[in-house]
Amino acid sequence: MKITLKVWRQKSGTTPGEFKTYTMNEVSEDMSFLEMFDVLNEELVRTGDDPIAFDHDCREGICGMCSMYINGRAHGPLTGTTTCQLHMRHFKDGDTIYVEPWRASAFPIIKDLMVDRSAFDRVIQAGGFISVNTGNAVDANSLPIPKPDADKAFDAAACIGCGACVATCKNASAMLFVSAKVSQLALLPQGQPERHIRVKKMVEAMDAEGFGNCTNTGACEVECPKEISLENIARMNRDYLAANIAD
Amino acid sequence: MFARHEMLDVVIIDGKARGIIARNLVSGKLERHFGHAVVLATGGYGNVFFLSTNAMGSNVTANWKAHKKGAFFGNPCFTQIHPTCIPVSGDHQSKLTLMSESLRNDGRIWVPKKKDDARKPTEIPEDERDYYLERRYPAFGNLVPRDIASRAAKERCDEGFGVGTSKMAVYLDFADAINRLGKSVIEARYGNLFEIYEKITGEDPYTTPMRIYPAVHYTMGGLWVDYNLMTTVPGLYATGECNFSDHGANRLGASALMQGLADGYFVLPITIGEFLSKEIRTPAIPTTHEAFEKAEKEVEERITRLMKIQGTRPVDHFHKQLGKVMWEYCGMARNADGLQKAKKMVQEIRNNFWSDVRIPGDANAMNPELEKALRVADFIELGELMIDDAYSRNESCGGHFREEYKTEDGEALRDDTNYAYVSAWEYKGDNQPSELHKESLVFDNVKLVQRSYK
């Protein structure tokens, strides 16, 4: 396949960026989107150009590093799919594809398509620990958890922290991410002792990082590669309210 | 937390590990960090093969630096090749994806009985299929251990019975399980895996068998540690996959999680106190100490040397070359001639890398090519040690299969009289052969036997 790429190039967060055009004549439909960038980068290195910086690591949809905005959509055209799992067979010969970084003031650009998402790390850290006894391993079935609760907690825990929700939100809100991280513990017995303090601290940290507010548009849920439900945002709001009343 | 930092050396003061040199990957600046002890939890080195199920950033650099500063490397040649991965689709392939082991509970593995059978798998009648695991291992069938399942797939493909465009794949078929249990049961059990498979290959495993092939998944070898998880360098600890312990020559399913939890949750928190209790009066050592100066300078010189080469080929070119050699000669099957040949090839790759690699950009900025180059330089050195280790072990044992040492029906043949030991390699300097130390495996209450899966 012949693919024309319009890629956002930006040397650093302090210099202006622009789209540059690259033509690739032999893209295999079995390539992943990132493998196409590998091939392009090898070519750029050989010809003495600066390769395109982009984040990636596990390349199987679980680490949350890949973060490309493809033709105006976070992680590209497929639902429930990260960029690394997007394969070129979903594009056509002759296509032109625009690739941009996540754009949000809380995610400053490092270089090209690479943005600094350490704001998410700080939000998670603000959540703190859960009280759990170490020493001897606990019996696996000593704490019964209803299956629907376990399933919901698991679905919330599927969030990989990629930031697609922020990138796609018109307010650059991080509510879907933070609410998933709050919910995965709030739904389980292990998360109860610190339930109130956790939600307050995480919301506080989220606001301090400069993410926007939630206006219930739901774009985040549509673009989330792990299909995290908006229900989590409702749960977080309720927990936050309860925590403040309890004080 | 130091995100986007990479450890590039360990700092030793008076024989004890006292800190690290790290590179800030965003600014490119080298940093010094002091600690009374250093704990490595850096994972395995499967990416020495270029293609593996590991994340792209996984590397051996921290471990390798520790090794060069005195930590013995245990059983480097013991690598696990996992039988159920999605096959390579072309030269562009950057990594391999694992399809969970659990699929073998309900999937049946087969190849056509006829060589180069061009028919679709669903068109091949039952009596023209070779369910080779069920045939060779009637007692365990599709559930034989990973090393055996992997070698059996390689054997069929090497004989010309492989499937798919590359002919380097076998079928993992769920048709029987779907007939027996219904599609909904299979969906509940493996729905997420089937979805991943469909995304990558564009094929629907509910209606056509999956194609799978073995891929590098885990490294049982790693830094040698004692029962307290301390390496041979006092104060330097290694936990999880980066150490050599727990798995011997063949890790079994789910035990990597077990090791991560055991090492991190239950062992190290107790044992590191043994070392730290004696350091309670040791004040923090300022990072202006000469040992930090020296270590940082060495790292800086290595980076400068790499940046100055300005050759013609990108880092991945050498990494792929190295991976091919390791996979071919030090992968699922090894033999003395091949290993000798591979050693020369790796030395050649090393020379070419250090004279012809091209790293664009600046060392004092975000530079992913430089990051890769620093890692590949260490992978190349590690590759040679893995080959030495595989060559020195004249037996077949778990993931280490030496073709010269097998039973009449092709199974691994161990030699417990001469090789019941852990090999712990000591680094002796650049271009010097490493020294092999042997830690005998002594069993008081059990008798060493070989398990049969027939």
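Predicted, not measured: the structure shown is a model, and the values here were computed from it. (Residues numbered from 1 in each chain as written. Chains lettered and ligands numbered in written order. Predicted model: local features only at pLDDT ≥ 70, side-chain atom pairs only at ≥ 80, totals over all residues.)

A. Examining the domain arrangement of chain A more closely. All names here are of chain A. When its domains are assigned, chain A resolves into domain 1 (3–110) and domain 2 (117–132 + 144–246). Taking only C-alpha atoms, the centre of domain 1 and the centre of domain 2 are 28 Å apart. Listed as interface residues are 18 residues of domain 1 and, on the opposing side, 17 residues of domain 2. Here the residues of the side of domain 1 that touches domain 2 sort into eight nonpolar, eight polar and two charged. (Domains from an automatic or database assignment. Contact = placed C-beta atoms within 7 Å. Nonpolar A, V, L, I, M, F, W, Y, C, P; charged D, E, K, R; others polar.)

B. Looking closely at the sheet that holds strand 14 (residues 435–440) of chain B. Residues and elements named next belong to chain B. Spatially, 11-5-13-14 is the arrangement adopted by the four strands of the open sheet, whose pairing is antiparallel. The sheet terminates laterally at strand 11 (222–223) and strand 14, the two strands that pair on one side only. Along the sheet, helix 11 (residues 368–392) contacts strand 5 (73–74), strand 13 (421–426) and strand 14; its crossing angle with strand 13, the most-contacted strand, is approximately 145°. (Pairing = 2+ DSSP bridges. Helix = DSSP H or I, 4+ residues; strand = E, 2+ residues; numbered from the N terminus. Axes fitted to C-alpha atoms, helices over the stretch in contact; angles between N-to-C directions.)

C. Inspection of the interface of chain A and chain B at higher detail. At the junction of the two partners, chain A supplies 28 residues and chain B supplies 24 residues. Listed by contribution, the elements that provide at least two residues to the side of chain A that touches chain B are helix 1 (33–46), strand 6 (109–111) and helix 2 (118–127) of chain A. Ranked by the residues each element gives to the side of chain A that touches chain B, the list is headed by helix 1 of chain A, at seven residues. When grouped by side-chain class, the residues that make up the side of chain A that touches chain B number nine nonpolar, seven polar and twelve charged.

D. Highlighting the packing of helix 5 (residues 175–186) of chain A against helix 8 (residues 231–246) of chain A. Residues and elements named next belong to chain A. Packing of helix 5 against helix 8 leaves a shortest axis separation of 8 Å and a crossing angle of 70°. It follows from the interaxial angle that helix 5 and helix 8 lie roughly perpendicular. Between helix 5 and helix 8, the residues in contact are Met175, Leu176, Val178, Ser179, Ala180, Val182, Ser183 and Ala186 and Asn232, Ile233, Arg235, Met236 and Asp239, respectively. The residue makeup of the contact of helix 5 with helix 8, split by class, is eight nonpolar, three polar and two charged. (Parallel < 35°, antiparallel > 145°, perpendicular 65-115°, else oblique.)

E. Spotlight on the nonpolar core. The biggest cluster of nonpolar side chains holds 109 residues, and the ones touching the most others in it are Val170 and Leu322 of chain B. The greatest single-element share of this core, amounting to eleven residues, is contributed by helix 11 of chain B. Taken together, domain 1 (5–78 + 220–440) and domain 2 (82–216) of chain B each give at least three residues to this core, which thus spans both. Setting aside residues up to four positions removed in sequence, Leu322 of chain B forms contacts with Val48, Phe50, Val346, Ile349, Phe379, Ile380 and Gly383 of chain B. Met31, Phe37, Cys220 and Cys224 of chain A belong to the second-largest nonpolar core, a separate cluster that totals 69 residues. (Core = buried A, V, L, I, M, F, W, Y, C linked by C-beta atoms within 7 Å. Buried ≥ 20, exposed ≤ 12 C-beta atoms within 10 Å, placed from the backbone.)

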